[in-house]
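Survey of secondary and tertiary structure
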Amino acid sequence: MTPVQTYARIAGILLLVSFVGGTFGELIVPSTLIAPGNAAETASRIMAHESLFRLGFAGYLFEAICDVALALVFYILLRPVHRNLALFAAFLGLISTAMFAVCELFFFVGPVLLRNPLYLQGFSREQLNAILYFFVYVYSAGAGLFMVFYGLASIIRGYLIYRSTYIPRFVGVLLMIVGVAFIAKNLTLVLAPAYSWDLLLLPAPLTIVVLTVWFLWKGVDVQKWNARVLAMRAITDPALT
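What counts, and where the lines are drawn
- Residues numbered from 1 in each chain as written.
- Predicted model: local features only at pLDDT ≥ 70, side-chain atom pairs only at ≥ 80, totals over all residues.
- Heavy atoms only, no water.
- Axes fitted to C-alpha atoms, helices over the stretch in contact; angles between N-to-C directions.
- Helix = DSSP H or I, 4+ residues; strand = E, 2+ residues; numbered from the N terminus.
- Parallel < 35°, antiparallel > 145°, perpendicular 65-115°, else oblique.
- Left-handed = near helix turned anticlockwise from the far one by under 90°.
- Nonpolar A, V, L, I, M, F, W, Y, C, P; charged D, E, K, R; others polar.
- Phe/Tyr/Trp six-rings, centres within 6.5 Å; stacked < 30°, edge-to-face > 60°.
- Buried < 20%, exposed > 50% of the residue type's maximum accessible area, 1.4 Å probe, protein only.
- Lys NZ or Arg CZ within 6 Å of the ring centre and 35° of its normal.
- Contact = heavy atoms within 4.5 Å.
- Patch = residues over 30% accessible without salt bridge, like charges linked within 9 Å, V, L, I, M, F, W, Y side chains within 5 Å.
- Areas by Shrake-Rupley, 256 points an atom, 1.4 Å probe, with all protein chains shown as cover.
- Salt bridge = Lys/Arg side-chain N within 4 Å of Asp/Glu carboxyl O.

Another point: the packing of helix H1 (residues 4-33) against helix H3 (residues 50-78). Viewed as axis vectors pointing N to C, H1 and H3 meet at an angle of 150°, and their least axial separation amounts to 7 Å. Classified by the interaxial angle, the pair formed by H1 and H3 is roughly antiparallel. In this structure, the crossing between H1 and H3 has a hand that is left-handed. Per-class residue counts for the contact of H1 with H3 are 22 nonpolar, 7 polar and 3 charged.

In this section: the packing of aromatic side chains. On inspection of all chains with the given rule, the structure shows 15 aromatic pairs. Ring geometry for Phe 134 and Phe 135: centres 5.9 Å apart, planes at 50°, overall tilted. Residue classification places Phe 135 among the partly exposed residues on the basis of a relative accessible area of 21%. The side chain of Lys 218 reaches across the aromatic face of Trp 217, ending 4.7 Å from its centre.

In this structure, Thr 165 takes a positive phi of about 75° despite not being glycine. Of note, Thr 165 is situated in the loop between helix H7 (147-164) and helix H8 (169-191). The exposure class of Thr 165 is partly exposed, given its relative accessible area of 42%.

Another aspect to go through is the packing of helix H2 (residues 39-48) against helix H6 (residues 125-145). Two elements in contact, H2 and H6, have axes whose closest approach is 8 Å; the angle formed by their N-to-C orientations is 85°. Considering the angle they form, H2 stands roughly perpendicular to H6. Touching Ala 39, Ala 40, Thr 42, Ala 43 and Ile 46 of H2 are Asn 129, Ala 130, Leu 132, Tyr 133 and Val 136, all from H6. The residue makeup of the contact of H2 with H6, split by class, is 8 nonpolar, 2 polar and no charged.

What follows is about a nonpolar patch on the surface. On the surface, Ile 13, Leu 16, Val 17, Val 20, Phe 62 and Leu 216 cluster together into a nonpolar patch covering about 520 Å² of accessible area. Here the nonpolar patch takes 4 residues from H1, the largest share from any one element. Residue position: Leu 16 is located in helix H1. You can call Leu 16 partly exposed: its relative accessible area is 43%.

Listed below in structure tokens is the structure:
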């Protein structure tokens, strides 16, 4: 079997790449190209900086690949604590990544919509700009409307880390706080949009940095990990102990 410490290092690398790709593709590029409330300016920026637009989408693709891999790695790291909960968190992580991928698809249609001669024949430039801005809105709104899946995954993973003993409890607490923040952002966006502040997500980048540094620097306590694995085997198949 691959040593557990290797999986911890892989988790740290994946978190780092995901954080960099996500920050570039989901924050820097959209904030540069999207002009809030101005469809014509948004379309003009996207067309003028199409290479940046496509680089941003590539950054998201790297993030998505890492998130799918992290669903597996976190399951491996946390299954000695509770296999079924670790598996449930993995499913939630995959669902959240798939949901966001659909939202990114709406964002990516911009240059296709504005450059295709077929659409230029059927719609005026103003209409195309408005359609593009609608897709941008769907991307932005959809990204927030399904945070509950990522939030639940974070809470479960944080709880399992807290229970694990081989990863520090403060890491689990931070991850649970992030999960609550994502769920709060999601619910306020649906039920009370006026109170859906972006500041609710402030704990997320700090926690990702802490997780990344810890997995790359310390990893897991191998001795306690082995004790957990033996305890799990004793429960599931006493003949193996």
